[in-house]
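For reference, the chains in residue letters:
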Amino acid sequence: MISIDNIINPVILHNSNNIIESKTHIIKPLAAYRFAGQEIQVEAKVTVENIKNIEDLIVHLCLNDNPQRKFRYINMSFDVKDGLFKGNCKISEGIGGTFFYTVRFSVDKGKTWKYSEDRKGKQVYRNLIVGPNWFAKSSIYQIYPRIHRCRDKDRDGKIGECDLSTLVDIKEDLPRIKKLNIDTIWLMPIHPIGKLNRKGEFGSPYSVRDYLGIDHNIIRKEPGKTDKEIQELGKQQLQELVNTAHSMDMKIIIGFVGNHCASDNVLLNINNPKEKGGYHPEWFFMDKNGNPKPPYEEWWDTSDLKYGAGLDEVNKPKYSNEVDREAMWSFMLSVLKYWVTEFDIDGYRCDFAHWVPLAFWRSAINEVKAVKPSVIFIGEVYERLKEHLEVGFDAVYHYRLYNMLKSLYHEIRNYDPYHELAYIPALIKLEDRKYPDGYRLMRYSENHDEIRAAEMYGSADAAKAPTLLIVTLPGVPCIYAGQESGEVIRPPLFKGDRGSLDFPQIDFNRNPDLTSWYAKVLGIRRQNPALIYGNLEFMESNNRHILAYSRTYGDNRIIVSINFDYTDGSKQWANLKVANNLKIINDAAKKYRLRDLLNHEEYVYSGKQLSKELVVGLEMFKSHIFLVTEVG
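Read on for an overview of the structure. (Residues numbered from 1 in each chain as written. Predicted model: local features only at pLDDT ≥ 70, side-chain atom pairs only at ≥ 80, totals over all residues. Heavy atoms only, no water.)

## Observations regarding helix 5 (residues 358-371)
Look at helix 5: 20 Å from first C-alpha to last across 14 residues, which is about the 20 Å you get at 1.5 Å a residue. All of the buried residues in helix 5 are Leu 358, Phe 360, Trp 361, Ala 364, Ile 365, Asn 366, Val 368 and Lys 369. (Helix = DSSP H or I, 4+ residues; strand = E, 2+ residues; numbered from the N terminus. Expected span 1.5 Å × (residues − 1). Buried < 20%, exposed > 50% of the residue type's maximum accessible area, 1.4 Å probe, protein only.)

## Notes on unusual backbone geometry
In the Ramachandran plot, His 600 falls in the positive-phi region, its phi being about 70° despite a non-glycine side chain. For His 600, the location among the structural elements is in the loop between strand 26 (591-596) and strand 27 (602-606). With a phi close to 70°, Phe 621 is a non-glycine residue in the positive phi region. Structurally, Phe 621 can be placed in the loop between strand 28 (614-618) and strand 29 (623-630).

## Description of the packing of helix 3 (residues 227-247) against helix 4 (residues 322-343)
Closest axis-to-axis distance for the helix 3/helix 4 pair is 10 Å, and the angle between their directions is 70°. Classified by the angle their axes make, helix 3 and helix 4 are roughly perpendicular. Here helix 3 contributes Lys 235, Leu 238, Gln 239 and Val 242 to the contact with helix 4, which in turn contributes Tyr 338, Trp 339, Glu 342 and Phe 343. A per-class count over the contact of helix 3 with helix 4 returns five nonpolar, one polar and two charged. (Axes fitted to C-alpha atoms, helices over the stretch in contact; angles between N-to-C directions. Parallel < 35°, antiparallel > 145°, perpendicular 65-115°, else oblique. Contact = heavy atoms within 4.5 Å. Nonpolar A, V, L, I, M, F, W, Y, C, P; charged D, E, K, R; others polar.)

## Points about the pairing of strand 3 (residues 31-35)
Of all five residues that make up strand 3, five are buried, and the element is covered over most of its length. By the alternation rule, side chains of strand 3 split into Ala 31, Tyr 33 and Phe 35 and Ala 32 and Arg 34, which are all buried. Where strand 3 and strand 11 (residues 126-131) come together, five bridges link them in parallel fashion. What sits directly across from Tyr 33, in strand 11, is Ile 129. (Pairing = 2+ DSSP bridges.)

## A word on helix 7 (residues 399-410)
With twelve residues, helix 7 ought to run about 16 Å at 1.5 Å a step, and its terminal C-alpha atoms sit 16 Å apart, in line with that. Those residues of helix 7 that sit buried are Tyr 399, Leu 401, Tyr 402, Met 404, Leu 405, Ser 407, Leu 408 and Tyr 409. Close packing links the buried residues of helix 7 with helix 6 (385-390), strand 19 (395-397), helix 8 (423-434), strand 20 (441-444), helix 9 (453-456) and helix 10 (464-472).

## Here we look at the pairing of strand 18 (residues 376-379)
Of the two faces of strand 18, both are covered, the one formed by Ile 376 and Ile 378 as well as the one formed by Phe 377 and Gly 379. Of the strand pairs in this sheet, strand 17 (residues 347-350) and strand 18 are connected by four bridges, and their pairing is parallel. Directly across from Arg 349, in strand 18, lies its bridge partner Ile 378. Here strand 18 pairs with strand 19 via two bridges, running parallel. Following the sheet pairing, Ile 378 is matched in strand 19 by Ala 395.

## A look at the sheet that holds strand 26
If you trace the six strands from one edge of the open sheet to the other, you get 22-23-24-29-26-27, paired in antiparallel fashion. Strands with a single pairing partner mark the edges of an open sheet, and in this sheet they are strand 22 (535-538) and strand 27. Across the sheet, the mean angle from the axis of one strand to that of its neighbour is 25°, orientation sign disregarded. Note that strand 26 and strand 27 share five bridges and pair antiparallel. Across the sheet, the residue bridging to Lys 591 is Ser 606, located in strand 27.

## As for the sheet that holds strand 13 (residues 184-187)
Taken in spatial order, the eight strands close into a barrel running 12-13-14-17-18-19-20-21, and their pairing is parallel. Pairwise comparison of adjacent strand axes, ignoring direction, gives a mean angle of 30° for this sheet. Two elements, strand 20 and strand 21 (residues 476-480), share three bridges in a ladder whose sense is parallel. When the bridges of strand 21 are listed, Met 442 appears paired with Val 476. Contacts from helix 5 reach strand 14 (251-256), strand 17 and strand 18, with the element oriented near 150° to strand 18.

Right under this line is the structure:
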């Protein structure tokens, strides 16, 4: 059960001459994220007067994506005992998106209603973001399509188009990925790449030439096909990839680059047909010579799109009229709907989402989820994280934690190489207070924009500590393809990038022991609801190298302890103060078993021992994931 505590202040309900004298205040949370199909509980202190039958009391949770429209009223079951009102309702699986919500009461079978108000008597709405339950359990696997499973080079040593990885190669790799306990594939942009100002021979996939097309380089071609036939073949191969993934209970999300595109995007072609968006130079920022401008000088292979927010370089509005803005927004919305309706994809990772107006996202996310409620949106966001979560993103990047993890291995602050470790609990607690209740962050220890984990943290073994952290904290973990085998080469976004002469192949078989470790920890997360839905409490440790915390959900209780030491090979010991959420009873007769899910070792403690402290010893780069159960 998901609890929204204190959503309403204590209220008194009267029924006299059909007038309800009541004051209800939604005071927290200001916004909440909940999964479809889960139950919401509303609690309030209630005194009911002048009601002949308790059956006359009706309570609704009121939902809509706009308070000006008709609300969806969800009946709430309730129980009143000793003045404590408990109302419960379940959000159906068939809805998704960001809703305004309020609560209404009637004590006369619905003849009159009283809605939640603020302290000035004004009706109050809050945000309720509804996401699909599959996303809560997911672990994401990021794939760079054209280098994922490159085939052998030609005899002359050069890479040709047919040597790059294709959608078919990815489909054929799904069984291997599934064995990692991965259920969600994130494909980096799959669209045709711009040729004007192209970087390198193949260009960057983030320089999108056609939002409604598929890059020829990732299509397994057949001889003698025309460009149009190759596109149709690509659509067929994408559909087969999605269908195969769905048959394996896996999801497919794709990259959406909505903030900029190629300098020769089809929208800048006067002959571009209407079905491809038509000709719209007014949707782009232009320099004084009338050429599309990049958002940054170093992104010279792209052009900046404008959404009608802010001013241009001479302080003129970006759009001269509302019609242009609405047309541009409508096209981008049609792109987002297209891949969902035509190929049944399961969501988007939105590139640099904070460079697109929040108002666009609020509208677009709801519109797409109206088509398919189970779709998810992940925002690569480095500004206004809270605001992006509130407008409907199912998750945003957890870049602050990643930066802390980098600092552990590459910076020494205050003459202490573990200076940052103590701030990780503080960061998580700050987010709990700041972000919407039930929020989700996508956590990672590497991605395509960063150095490989095996290099960043010193070795593939050293990378286990930060990876275990991102897998067991609240949120959704993301693994970059090759991370599970200890890959050290960072795949270039285009040929010649960062000194690399070729597209390097990923060797997924280079470190089978490491691959097994990744499969194990991802499986542990999936098998334990506490690591998916559970609350979090950090445990006091007397060793600055060891971070420990507990996750609990119902009877599922987990303790995680991680040794971040990488300078001293000696075994580290820590005395941990056991967290309150574990509900350990201080009783010598009570016994608790701690089973390490990583190595299956077991320890038994009395309640009296465990309620005081837990002593753990960890070798370098090692961790414990203890499952706590009562004995007998």
